[in-house]
Amino acid sequence: MITVEHVTKRYGDTLAVDDLTFTVRPGIVTGFLGPNGAGKSTTMRMMLGLDAPTSGTVTVNGRAYRDLPAPLHEIGAMLEARAVHTGRSAYHHLLAMAQTHGIGRSRVEEVIELVGLQAVARRRAGGFSLGMGQRLGIAAALLGDPATVILDEPANGLDPEGILWIRTLLTGLAAEGRTVFLSSHLMSEIALTAEHLVVVGRGRLIADTTVAEIVAQASQDAAVHVRTPDAARLRAALTREGVTVAAPEPDVLEVHGMASERIGELAARDGLVLHELTPRQASLEDAFMRLTGDAVEYHAGALRPGELEDAA
Ligand SMILES: Nc1ncnc2c1ncn2[C@@H]1O[C@H](COP(=O)(O)OP(=O)(O)OP(=O)(O)O)[C@@H](O)[C@H]1O
């Protein structure tokens, strides 16, 4: 469990984190989402005791990072995947870390296998591809078999196979009861892995909610696409029902505020022909843009599950 309570962080005139409060629970993957410069890395650095809050508190399992008796066993992190001594092999990089923390060789072998680096473990880490570097960073984070794992943009630069691998690994770690917290600036990337989402913009909390809630909200706002040779009559019938109808093309209507079933029933009642009746899925990216765009500018307060409607 990670607890962030009324945390503010200033760098000179820059307000990087602004009165942020949320908790990251064990047993699920929590995504930390926000556009570039939203304050994600700064918040993660404070969780790891690499930076001190200007005000507020950050605790891991009830203690500040500096008060953890065996930090590597409690919390493992990957902040910069490429921060590896270039001359060393992956194996020796991990071994050096292990030895300074009283961790045995067998655990080093274990994490190398866990991240699938067996074939290249004796090669110079400096020559690693981005994907291999990410795997090595994750191996280092897992070395102490930590109860809490924090990863900053772990899928950054990975190919689809690498992204699938990370997703499987992280959901597996959460299923073992660990606290898994990862950041991304891409909703599509994080929505596939995370169950819960903490969304920030300009250092402030925008939403603390589930991915399911955001998906439901996105579908609720979606338009229904209708193609009909009776567009004018259907449009009049729909307008009488009080819904918003746009006509982007002569035979096409985009209907907001009425389910496709009801539109079909109305058309049948009036004897109107339909050639197409398709509920459009608003993309998750759209939902995220709306949250981080509108909510930051027009809504000072944070949103909780069920309150997303108010932000749209
Ligand atoms: N050491 C620092 N000194 C001065 N300003 C900083 C420092 N670290 C971060 N900032 C500023 O704080 C703000 C938040 O930065 P942060 O890196 O935490 O955002 P982020 O959400 O992680 O962004 P990104 O997705 O680009 O990594 C930015 O305006 C950044 O320029």
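Please read these numbers as outputs of a predicted model, since none were measured by experiment.

Colleague: Describe the overall build of the chain, with residues and values.
Modeller: Scanning the chain for helices and strands turns up 11 helices and 13 strands. Across the 312 residues that make up the chain, the buried fraction comes to 39%. The long-range share in the chain, meaning contacts at least 24 apart out of those at least 6 apart in sequence, stands at 68%.

Colleague: I'd like a rundown of the sheet that holds strand E4 (residues 55-60), residues and numbers included.
Modeller: Here we have three strands laid out as an open sheet, ordered E2-E1-E4, and antiparallel in their pairing. Of all strands in the sheet, those with a lone pairing partner are strand E2 (14-24) and E4, marking the two edges. Taken pair by pair, the neighbouring strands of this sheet meet at an average axis angle of 20 degrees, ignoring direction. Direction of pairing for strand E1 (residues 2-11) relative to E4: antiparallel, over a ladder of five bridges. Across the sheet, residue Thr8 finds its bridge partner in E4, namely Ser55.

Colleague: Would you mind going over the nonpolar core in detail, with residue names and values included?
Modeller: Nonpolar side chains tend toward joint burial in soluble globular proteins. Counting residues in hydrophobic clusters, the biggest one holds 71 residues, and the most contacted among them are Leu94, Ile112 and Ala139. Residues contacting Leu94, with those up to four places away along its chain left out, are Val108, Val111, Ile112, Ala139, Ala140 and Leu143. Among the nonpolar cores identified, the runner-up in size contains nine residues, and Val224, Val226, Leu253 and Ala267 belong to it.

Colleague: Give me the domain arrangement of the chain: which residues, what numbers.
Modeller: What the domain assignment lists for the chain is domain 1 (2-74 + 146-217) and domain 2 (223-280). Computed over C-alpha atoms only, the centres of domain 1 and domain 2 are separated by 43 Å.

Colleague: For the site of the ligand, give the residues involved together with the corresponding values.
Modeller: Near the ligand the following residues occur: Tyr11, Thr14, Ala16, Gly34, Asn36, Gly37, Ala38, Gly39, Lys40, Ser41, Thr42 and His185. At the level of elements, E2 and helix H1 (40-47) are the ones that each hand at least two residues to the shell around the ligand. Counting residues per element, the shell around the ligand draws most heavily on H1, which supplies three residues. Tallied by class, the residues present in the shell around the ligand amount to three nonpolar, eight polar and one charged.

Colleague: Mind laying out the sheet that holds strand E5 (residues 75-78), listing which residues take part and the relevant values?
Modeller: Taken together, the six strands give an open sheet; going across it, the order is E5-E6-E7-E3-E8-E9, and neighbouring strands pair in mixed fashion. The open sheet terminates on both sides in strands that have one partner only, identified here as E5 and strand E9 (204-210). Across the sheet, the mean angle from the axis of one strand to that of its neighbour is 15 degrees, orientation sign disregarded. With five bridges joining them, strand E6 (residues 148-152) and strand E7 (residues 179-184) adopt parallel strand pairing. Bridge pairing in E7 links Val149 to Val180. Taken strand by strand, helix H8 (residues 211-220) contacts strand E8 (196-201) and E9, and its axis lies near 90 degrees from that of E9.

Colleague: Please provide a residue-by-residue account of the confidence of the model for the chain, values included.
Modeller: The predicted model of the chain averages 87 in pLDDT, with 91% of residues at 70 or higher. Across the chain, element-level confidence peaks in E1 with a mean pLDDT of 97 and bottoms out in helix H11 (residues 284-298) with 62. Across residues 295-312, confidence stays below pLDDT 50; counting only partners more than four residues off in sequence or on other chains, it has 31 contacts. Predicted complex, confidence summary: ipTM 0.95, pTM 0.80.

Colleague: So, H1: which residues are in play, and what are the values?
Modeller: For H1, the buried fraction is high: seven of the eight residues fall into the buried class. Considered for burial, the residues of H1 that qualify are Lys40, Thr42, Thr43, Met44, Arg45, Met46 and Met47. Gly49 sits one or two positions beyond H1 and adopts a positive phi of about 70 degrees.

Colleague: How would you sum up the environment of Gly172? Please name residues and give values.
Modeller: One can find Gly172 in helix H6 (residues 160-175). For Gly172, a count of 13 C-beta atoms within 10 Å puts it in the partly exposed group. Expressed as a C-alpha distance, the spacing of Gly172 and Ile28, which sit 144 residues apart in the sequence, is 9.5 Å.

Colleague: Tell me about the environment of Val120, and name the residues and values.
Modeller: Along the chain, Val120 falls in the loop between helix H4 (105-114) and helix H5 (130-142). On the basis of neighbour count, Val120 is assigned to the partly exposed category, with 19 C-beta atoms found within 10 Å. Along the sequence, Val120 and Arg240 sit 120 residues apart, while their C-alpha atoms lie 68 Å from each other. In this structure, Val120 is in contact with Ala90 and Met132, ignoring residues within four places of it in sequence.

Conventions used here
Residues numbered from 1 in each chain as written. Predicted model: local features only at pLDDT ≥ 70, side-chain atom pairs only at ≥ 80, totals over all residues. Helix = DSSP H or I, 4+ residues; strand = E, 2+ residues; numbered from the N terminus. Buried ≥ 20, exposed ≤ 12 C-beta atoms within 10 Å, placed from the backbone. Contact = placed C-beta atoms within 7 Å. Pairing = 2+ DSSP bridges. Axes fitted to C-alpha atoms, helices over the stretch in contact; angles between N-to-C directions. Core = buried A, V, L, I, M, F, W, Y, C linked by C-beta atoms within 7 Å. Domains from an automatic or database assignment. Near = placed C-beta within 6 Å. Nonpolar A, V, L, I, M, F, W, Y, C, P; charged D, E, K, R; others polar. pLDDT = per-residue confidence, 0-100.

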